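Structural description and commentary
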Amino acid sequence: MNDLRGRPSESFGALAVSSRSFDEYRAMFALTDADLRRRILDCPAGAASFVARAPDGYACDLAYANTPGPALLRHVQADNERLNRYIRLYPDQYRWTYFSTADQHRTTRRASAERFADDREARPGRYLPGALPNLPFADGTFELVLSSHFLFTYADRFDRDFHRAALRELVRVSSAEVRIFPLVPIALNTPYAHLDQLRAELAEDGTRTSVVDVGYEFQAGGNQMLVCRKT
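Residues numbered from 1 in each chain as written. Predicted model: local features only at pLDDT ≥ 70, side-chain atom pairs only at ≥ 80, totals over all residues. Heavy atoms only, no water.

**Quick look at the sheet that holds strand β4 (residues 142–148)**
Heads up, the condition is: At least two bridges found by DSSP between two strands are what make those strands a pair. Each helix corresponds to a stretch of at least 4 residues labelled H or I by DSSP, and each strand to a stretch of at least 2 residues labelled E; elements are numbered beginning at the N terminus. The criterion used for residue contact is that any of the two residues' heavy atoms lie within 4.5 Å. Note on geometry: axes are lines fitted to C-alpha atoms, helical ones only across the stretch in contact, with angles between N-to-C directions running from 0 to 180 degrees.
The mixed open sheet is built from seven strands, whose spatial order is β3-β2-β1-β4-β5-β7-β6. The sheet terminates laterally at β3 (127–128) and β6 (207–213), the two strands that pair on one side only. One ladder, built from four bridges, connects strand β5 (residues 174–181) with strand β7 (residues 224–230); its direction is antiparallel. Bridge assignment links Val-178 to a residue of β7, and that residue is Cys-228. Strand contacts of helix α6 (residues 160–172): β4, β5, β6 and β7, with the helix running at about 140° to β5, the strand carrying the most contacts.

**Observations regarding α6**
Rules: Here, expected helix span is obtained from the residue count minus one, scaled by 1.5 Å. Three labels apply to residues, based on accessible area from a 1.4 Å probe with only protein chains included: buried if under 20% of the type maximum, exposed if over 50%, partly exposed otherwise in between.
A rise of 1.5 Å per residue sets the reference length of α6, with its 13 residues, at 18 Å; its end C-alpha atoms lie 18 Å apart and thus fit the reference within 8%. Burial in α6 covers these residues: Phe-162, His-163, Arg-164, Ala-166, Leu-167, Glu-169, Leu-170 and Val-171. Against β4, β5, α7 (195–204), β6 and β7 lie the buried residues of α6.

**A closer look at the nonpolar core**
What counts, and what does not: In this description, a nonpolar core means a group of buried Ala, Val, Leu, Ile, Met, Phe, Trp, Tyr and Cys residues linked to one another through side-chain atoms lying within 4.5 Å.
Of all hydrophobic cores here, the largest spans 72 residues; its most connected members are Leu-41, Phe-50, Leu-135, Leu-151, Phe-152, Leu-170 and Ile-180. When near neighbours in sequence (up to four residues on either side) are disregarded, Phe-152 contacts His-163, Ile-180, Pro-182, Leu-183, Val-184, Pro-185, Tyr-192, Leu-195, Leu-198 and Leu-226.

**Observations concerning the pairing of β5**
So the rule is basically this: By the criterion used throughout, a crossover qualifies as right-handed when its path from the first strand across the helix to the second strand runs clockwise, the strands pointing away from the viewer.
Summarising burial for β5: six of the eight residues are buried, a large majority. Across six bridges, the pairing between β4 and β5 is parallel. Across the sheet, Ser-147 pairs through a bridge with Ile-180, a residue of β5. One crossover worth recording links β4 to the parallel β5 by way of α6, and it is right-handed.

**A closer look at the layout of surface pockets**
The condition is simple: A cavity here means a set of 1 Å grid points, computed over protein atoms only, where a 1.4 Å probe fits but cannot escape. A pocket is an open set with protein on both sides within 12 Å along at least 5 of 7 lines, and lining residues have an atom within 4 Å of a point. Grid points are joined across faces, edges and corners, and a volume is the space filled by probe spheres set on the points. The residue classification treats Ala, Val, Leu, Ile, Met, Phe, Trp, Tyr, Cys and Pro as nonpolar and Asp, Glu, Lys and Arg as charged. All others, Gly included, are polar.
Roughly 740 Å³ of volume is contained in the largest pocket. Lining the largest pocket are 40 residues; nearest its centre among them are Ala-16, Ser-18, His-149, Phe-150 and Tyr-154. For the lining of the largest pocket, the secondary structure elements donating two or more residues are α4 (69–89) and α5 (102–122). Residue contributions to the lining of the largest pocket peak at three residues, all from α4. Residue composition of the lining of the largest pocket, by class: 27 nonpolar, ten polar and three charged.

**Some words on the packing of aromatic side chains**
The condition is simple: By convention, a stacked pair of Phe, Tyr or Trp rings (six-membered ring in the case of Trp) has centres within 6.5 Å and planes under 30 degrees apart, an edge-to-face pair has planes over 60 apart, and any other such pair is tilted. The rule is short: NZ of Lys or CZ of Arg within 6 Å of the ring centre and within 35 degrees of the ring normal puts a charge over the ring.
A complete count under the given rule lists 22 aromatic pairs for this structure. Note on Phe-99 and Phe-218: the rings are 5.1 Å apart at their centroids and 70° apart in plane angle, and the pair reads as edge-to-face. Of this pair, Phe-99 sits in the loop between α4 and α5 while Phe-218 sits in the loop between β6 and β7, placing them 119 residues apart in sequence. Both residues of the pair, Phe-99 and Phe-218, count as buried. In textbook terms, an aromatic cluster arises when at least three aromatic residues are bridged by ring pairs, as seen for Phe-22, Tyr-25, Phe-29, Phe-50, Tyr-94, Trp-96, Tyr-98, Phe-99, Phe-181, Tyr-216 and Phe-218. The residue whose ring lies beneath Arg-126 is Tyr-58, and the NZ or CZ to ring-centre distance is 4.8 Å.

Spelled out as structure tokens, the structure:
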């Protein structure tokens, strides 16, 4: 497949507060039952419903700062509608295997947002405000850190220095492992241009990295994650 830059990522609009489901997380990050027993941070988590079902999971996102639950849910559902319009406009940027139709995508994301909102109201201590590259956690607080559809995704809006600082921060708050998905920017199907440089810089810090195929692909080309482990 060719590069999709003929369709500018600007048409995607503002950064979205997304609401991916627990099942999507399992697939995107190749999470095993053993992984799910670890102390996990999802950052930035947006309105994903992963933490609602993760036994020892925590979510961190700037969207939680001073935003009442009903207001955030309204914002998230508006973002869901906007993103669903985008995928309907550019269906060939996507693989219709996990979701078979745009209607299924819309229904799943709306339900996930509702589950997120209910869990945040019931367990507010699991949803902590914070933003990369400066997180409000001590070194090694979490065994496993997950980061979905932020780094690399918005490559046209955050430079390489930001990506380097954010990756180092995610590694800092992990005692063992970080997984980042996907590796492709919006509207492209090839990995982030500076990925090799970032991996080399992490290696200099003593962090081993690997690119791992996963059994999930919605955005075309988005079927790999970056795994970072401390040596």
